[in-house]
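Observations on the model geometry
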Amino acid sequence: MNESTDEQIDDETDTDELLREVEKKRSLQGWTAVLVAVVGIAFSAFQLWLAARSFQFEFTTPLFGTVELFSLQLLQANAVHVAFAFVLTFFLFPTTKGTGPIAGQFARIVPAATAQFGSDSPIVSVLERLRAVVRWAAVDHDGDRVTPVDILFSGLIMLTPVYMITQFDEIRSMRVRGLTAGRPLQEIVPMTDPIVSAISAIGIPLDETSFAFVLAAIGVLLVLEATRRALGWLLTGLVTLFILYARWGYLIPRDSIIGSLSIPPTRWASIFRDLWFNTEAGVFGVPVTVSLRFIYIFILFGAFLEMSGAGKWFIDFAYSLTGSKRGGPAKSSVVASGFMGMLSGSSIANTVTTGAFTIPLMKRSGYSPSFSGAVESSASSGGQILPPVMGAAAFLIVEFTQTPYAEVIVAAAIPAIAFFFGMWVMVHLEAVEHDIGGVPKSSLSKPMDILKSGWFYLVPIGLLLYFLVIVRLSVARAGWYTIIALIALVAFLAAYTKRNRTILVGSILALFLAQFSLLTTTGVGIVGAIETLVSGGTVPGGVPPSAAIEGALGELGIFVVVVSLALLLVRPDSRSDVLELDDQVGESAQTGARLLGRPEMAANPAYRVVSFVLKSMDDGARTATSVVVSVAAAGIIPGVISVSGLGPNLTALILAVSGESLLGLLLLSGIAAIIFGMGMPTTVMYIILVSMLGTAIEEFGVALVAAHLFILYWGLMADVTPPVAVAAFAGAGVAKADEFTTAIKAFLLSLNKLLVPFAFVFSQGILLMRPTENGVRMMNLSDITDVGFILPEVIVPVVGLFAGVYALGVTIIGYQYAEVEGLERALFAIASVFLTVPELFLLPTEGLLGAFVAVDLSGFSFTFPVRIVGFAILAGLTVLNRRQYEGGDAGVPGASAA
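Residues numbered from 1 in each chain as written. Predicted model: local features only at pLDDT ≥ 70, side-chain atom pairs only at ≥ 80, totals over all residues. Heavy atoms only, no water.

Per an unreviewed UniProt entry, the chain goes by the name C4-dicarboxylate ABC transporter permease and belongs to Halanaeroarchaeum sulfurireducens.

Next comes the structure, spelled out in structure tokens:
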């Protein structure tokens, strides 16, 4: 389709500038931009190697066989992962632009000194020179240069992986003996002895201090600095408080109201050991391990998919399906933004980038600017609850709950569909109320035409699900195979023309058959046969045909890439008829060609394929940077809770505050999730809240996955909840609408994220789970045929959920067939609660009756009648509203319900 591209915001640089402003990133040019790209590509290459080969760094050559360079332990790999992200952070995010309140206070020093001592005073002269040095070293006014402080910090953070790789035996001993048992710097690196001696001479005992202790102290400070730059002061302050609490939490009086938070005394050496040299908790703990093994590879997959042109194609396909219908542009936005938000995992970035296409079309069709921005931001944030990727959330839940990935995405499916169904209902009702039509069919391509032109973009997603759910590969390996398949697809499509197709397909097929034949006869493939021939060795013998096919298929992606690139090099005039890479790839190709002094290369198809791969790796690294920084910082909080022994006391305190009530605890958890999620990435909010509240929720027998999904849903509301509402403000920026009005509407459109979680906590059948004596388990085929279970525990709650979500949509928009106001609107809200979560009515009633008689109102015999009442209210109100419309009071001819 071409309407979406034609109707973007007038100047695409506005979107880029808005995204940089929201994310507070630099706009680098020249050698610094090249350096950042090189670091980003190296970061992605490191992660791809881990996905393909795990922690073994080795390669095979025909002459020397397998050459092992080194292997990494988990702590070492995590340290390299974090170091890459921190270097990118120090390069991409400025220390200061000199415009903040702290910088403003320092800026007053020289004028004050001038007024006090006069402009000719030597004191003023010294202060002016000092100011010039500080500005040169740290201040980046225009956000376009890397400062000496950035380079210094980057060098300091790289010391950690170097030390961990070269001195791992010492680290092992210090885990038992403590950091103070480590050697000082001059013993580890003798050439530093003069520097260490000079520092010690001025009273700093560096010559007697364990280098590991110094490294950990510097590292923790750099975590705080990287967090401040990438994520702001809120998370930095929270993490700092936890670090200080770990050291001085013992000062809390045990007989005070918060005496349960008192902890045993702990020295800095023990704190730094647990926070810096530990994979169970701390900076390099479970959250960073999840990022290393799972999150990064899927961020990278999303980057490859977007750069391949799939993002634009999916938006075009969504518009071709719904664009011509009533409110079509907004419905398309719901679908497209949910899909892209699922892949990107960033509500803000997706709101800005996808919104550049969707928001102008919504405005042009008749939606108000604020409503358009609200729809985009709400749907984009909702992408993180949408399987199969769920941003980074699915993989965090997998790791924290030890639940298989397939079970997590199955459990998350129905609630996510319910949320997007509610979004669909609300944009439809808004369109009905204001008589908003769709895009003229004449300006839209036919869905089948769009599907025919880009069906291949669905192949990588299908392969991903196949590898994860059917083959049950590890998450990292599935991501690796899918990325290779995506690169192969792009290379194949770049080379596929009428002139090339016969030789292209024939060569790939020939290589595949040769690989299969060699495996069945010799047990080694093409590469192995060449190595054997060169080295003069012997072959091990053939393998069964099934194994040979599997082995040949495993190398198919490499064959496709090699043949396609070779053909493109031989025939550089080839122009694909079907492939349309993202515009950023073209810009990157042109920039790279200019830097190489050969601008004509930008049109070379083989060069463009290589540019696609490198740009995807660079973009994936940049996207992952903030995520890695956030999980590294957030890991400190569960680390402190774990090593200080605070966990059980914190759980007891939370239970006491909630009054030992599940409903009270859920409300407390939800409010805390929104507060902690304001201005923070979803991953940070999730890690913090799960560490603090997860155990308490489990005490009530709530399924582990349900508890974690509940926290995730409520935490996502922070992206659209005033006064922070970062995603909604970004949507307002694209829509050129009032920020606060957009945030209010986005909050209302997202209220399903608050109601749906209550539904699946109290009715775990919505998650397709069945309670057992030992907890809960996923449903199986026998459960589906068990009418006594499936009807009351699954079908009734699911039907009630969707009906309640519809009623909530009418409540929020204030329109159905005709206008809905006053008492009628309140009754729709009551019907929504009764249908979705009858327990929100029954549990308080149970509490009131509990003062007189013991009663349990949570069973199906009580919830079902309440749902019937809710359905009766909804049906009655719908009939009355329909009659009101037919009586001519609706004010919108031709309106109809969703």
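1. What to know about helix α39 (residues 787-813)
As a reminder of what qualifies: The way it works is that DSSP assigns letters per residue, a run of H or I at least four long becomes a helix, a run of E at least two long becomes a strand, and they are numbered from the N terminus. The span you would expect from a helix comes to 1.5 Å times its residue count less one. We define the bend at any residue as the angle between the axes fitted to the seven residues before and including it, ending there, and the seven starting there. Here's how the labels work: a residue is buried when its accessible area is under 20% of the maximum for its type, exposed when over 50%, partly exposed in between, all with a 1.4 Å probe on protein chains only.
Between its first and last C-alpha atoms α39 spans 37 Å; for 27 residues at 1.5 Å apiece the expected length is 39 Å, and the two agree. Remark: the principal bend of α39, roughly 30 degrees, maps to Ile795, with a proline, Pro797, within the next four residues. For α39, a buried count of 20 out of 27 residues is recorded, marking the element as mostly surrounded by other parts of the structure. Positive backbone phi, approximately 75 degrees, marks Gly814, located one or two places after α39.

2. Observations regarding the layout of surface pockets
Cut-off, in case you're wondering: Cavities and pockets were defined on a 1 Å grid built from protein atoms only: a cavity is a group of points that admits a 1.4 Å probe but offers it no way out, a pocket is an open group of points flanked by protein on both sides within 12 Å along at least five of seven lines, and a lining residue is one with an atom within 4 Å of any such point. Grid points are joined across faces, edges and corners, and a volume is the space filled by probe spheres set on the points. Domain delimitation follows an automatic or database domain assignment.
Volume-wise, the second largest pocket comes out at about 1700 Å³. Every residue lining the second largest pocket is counted, 47 residues in all, and those nearest its centre are Leu553, Gly554, Glu555, Leu556 and Gly557. Element by element, the count of residues in the lining of the second largest pocket is highest for helix α27 (residues 545-570), at 11 residues. Among the domains, domain 1 (29-285) and domain 2 (288-399 + 417-518 + 544-626) are the pair contributing at least three residues each to the lining of the second largest pocket.

3. A word on helix α16 (residues 310-322)
In a regular helix each residue adds 1.5 Å, so 13 residues correspond to 18 Å; α16 covers 18 Å between its end C-alpha atoms and thus fits that length. For α16, a buried count of 12 out of 13 residues is recorded, marking the element as mostly surrounded by other parts of the structure. What α16 keeps buried is the set Ala310, Gly311, Lys312, Trp313, Phe314, Ile315, Asp316, Phe317, Ala318, Tyr319, Ser320 and Thr322.

4. What to know about a nonpolar patch on the surface
We count it as follows: Patches here: salt-bridge-free residues with over 30% relative accessible area, like charges joined within 9 Å, nonpolar side chains (Val, Leu, Ile, Met, Phe, Trp, Tyr) joined within 5 Å. For every accessible area listed, the method is Shrake-Rupley and the probe measures 1.4 Å; residues are considered covered only by the protein chains on display. Think of a salt bridge as a Lys or Arg side-chain nitrogen and an Asp or Glu carboxyl oxygen that are within 4 Å of each other.
A contiguous nonpolar surface patch, about 470 Å² in accessible area, is contributed by Ile102, Phe106, Ile109 and Trp233. You can call Trp233 exposed: its relative accessible area is 55%.

5. Here we look at the domain arrangement of the chain
Split by domain assignment, the chain resolves into domain 1 (29-285), domain 2 (288-399 + 417-518 + 544-626) and domain 3 (780-887). Taking the mean C-alpha position of each, domain 1 and domain 3 sit 53 Å from one another.

6. Let's talk about the pattern of salt bridges
Any two side chains of opposite charge can pair, so long as their charged atoms come close to each other. By the definition in use, this model includes 17 salt bridges. Between Asp435 and Arg326 there is a salt bridge, and its shortest N-O distance comes to 3.4 Å. Of this pair, Asp435 sits in the loop between α21 (405-434) and α22 (447-454) while Arg326 sits in the loop between α16 and α17 (328-344), placing them 109 residues apart in sequence. Note on Arg326: relative accessible area 22%, which makes it partly exposed. Residue Arg777 pairs with Asp783 through a salt bridge whose shortest N-O separation is 2.7 Å. Judged by relative accessible area, which is 33%, Arg777 ranks as partly exposed.

7. What to know about empty space enclosed by the protein
Evaluation of the coordinates by the stated rule reveals one cavity of 30 Å³ or more. Roughly 30 Å³ of internal volume is contained in the largest cavity. Residue lining of the largest cavity: Leu305, Ala310, Trp313, Phe314, Phe339, Tyr457, Leu458 and Ile461, and that is the complete set. Secondary-structure elements contributing two or more residues to the lining of the largest cavity are α16 and α23 (458-470). Counting residues per element, the lining of the largest cavity draws most heavily on α16, which supplies three residues.

8. As for the packing of α17 against helix α18 (residues 347-365)
Rules: Fitted lines through C-alpha atoms serve as axes, helices being fitted only where they are in contact, and the angles separating the N-to-C directions of these axes extend from 0 to 180 degrees. Comment on the angle field: the value is read as roughly parallel under 35 degrees, roughly antiparallel over 145, roughly perpendicular from 65 to 115, and oblique elsewhere. Two residues form a contact once any of their heavy atoms are found within 4.5 Å. Basically, the charged four are Asp, Glu, Lys and Arg, the nonpolar ten are Ala, Val, Leu, Ile, Met, Phe, Trp, Tyr, Cys and Pro, and anything else, Gly included, counts as polar.
Direction vectors running N to C along α17 and α18 enclose 180 degrees, while the axes themselves pass 10 Å from each other. Judged on the interaxial angle alone, α18 and α17 are roughly antiparallel. Mapping the contact onto sequence places Pro329, Ala330, Ser333, Ser337, Met340, Gly341 and Ser344 in α17 and Asn350, Thr354, Thr358, Leu361, Met362 and Ser365 in α18. Classifying every residue of the contact of α17 with α18 gives five nonpolar, eight polar and no charged.

9. Looking at the packing of helix α33 (residues 682-698) against helix α34 (residues 704-716)
Inclusion rule: The sense of a crossing depends on the near helix, which, turned anticlockwise from the far helix by less than a right angle, makes the crossing left-handed and, turned clockwise, makes it right-handed.
Between α33 and α34, the shortest axis-to-axis distance is 9 Å and the interhelical angle comes to 135 degrees. By the angle between their axes, α33 is oblique relative to α34. The two elements α33 and α34 meet at a crossing, and its hand is right-handed. Across the interface between the two elements, Thr682, Met685, Tyr686, Leu689, Val690, Gly694, Ile697 and Glu698 of α33 pack against Leu704, Ala707, His708, Ile711, Leu712, Gly715 and Leu716 of α34. Tallied by class, residues from the contact of α33 with α34 come to 10 nonpolar, four polar and one charged.

10. Thoughts on the packing of aromatic side chains
Heads up, the condition is: The pairing test for Phe, Tyr and Trp rings, Trp by its six-membered ring, is centres within 6.5 Å, and the orientation test on the planes gives stacked under 30 degrees, edge-to-face over 60, and tilted for anything in between. By definition here, charges over rings are those cases where NZ of Lys or CZ of Arg is within 6 Å of the ring centre and within 35 degrees of the ring normal.
A complete count under the given rule lists 32 aromatic pairs for this structure. Between the aromatic rings of Trp313 and Tyr457, the centroid separation amounts to 5.9 Å while the plane-to-plane angle is 45 degrees, which identifies the pairing as tilted. Here the residue Trp313 occupies a position in helix α16, and Tyr457 occupies one in the loop between α22 and α23, the gap between them amounting to 144 residues. Classification of Trp313 as buried rests on a relative accessible area of 8%. Overall, Tyr457 belongs to the buried group, its relative accessible area being 6%. Residues Tyr713 and Phe760 carry aromatic rings whose centres are separated by 5.5 Å and whose planes lie at 75 degrees to one another, so their mutual orientation is edge-to-face. Taken together, the residues Tyr713 in helix α34 and Phe760 in helix α37 (residues 752-762) connect sequence positions 47 residues apart. Counting every residue linked through ring pairs, the aromatic cluster contains Trp313, Phe314, Phe317, Phe339, Trp455, Phe456 and Tyr457. Taking the ring centre of Trp49 as reference, the NZ or CZ of Arg53 above it sits at 5.2 Å.

11. Quick notes on unusual backbone geometry
The linkage connecting Pro722 with the following residue, Pro723, adopts the cis geometry, with an omega of 10 degrees. Summarising the element assignment, Pro723 is placed in the loop between α34 and α35 (726-735). The backbone of Lys736 shows a phi angle near 55 degrees, a positive value even though the residue is not glycine. Mapped onto the elements, Lys736 comes out in the loop between α35 and α36 (739-749).

12. Quick word on the side chain of Arg26
Stated precisely, the cut-off is as follows: Pairs of N or O atoms are called polar contacts if they sit within 3.5 Å, as long as, within protein, a hydrogen donor faces a hydrogen acceptor (for residues adjacent in sequence, only side-chain-to-side-chain pairs).
Relative to the elements of secondary structure, Arg26 occurs in the loop between α2 (12-23) and α3 (30-53). In this structure the side chain of Arg26 is engaged in a polar contact, spanning 2.9 Å, whose partner is the backbone oxygen of Phe91. Among the polar contacts listed, one links the side chain of Arg26 to the side chain of Asp150, at a separation of 2.7 Å.

13. Some points on the side chain of Gln47
In this structure, Gln47 sits in helix α3. Classification of Gln47 as buried rests on a relative accessible area of 2%. Only 2.9 Å separates the side chain of Gln47 from the backbone oxygen of Leu292, close enough to count as a polar contact. Sequence-distant contacts of Gln47, that is, excluding residues within four places in its chain, are made with His81, Leu292, Tyr296 and Ile297.

14. Considering the pairing of strand β3 (residues 769-772)
Formally: One bridge is not enough; two strands pair if DSSP finds at least two bridges between them.
Examined bridge by bridge, β3 and strand β4 (residues 775-778) share four bridges and lie antiparallel to one another. For Thr772, the partnering residue across the bridge sits in β4 and is Gly775. Linking β3 to β4, which pair antiparallel, is a turn of two residues.

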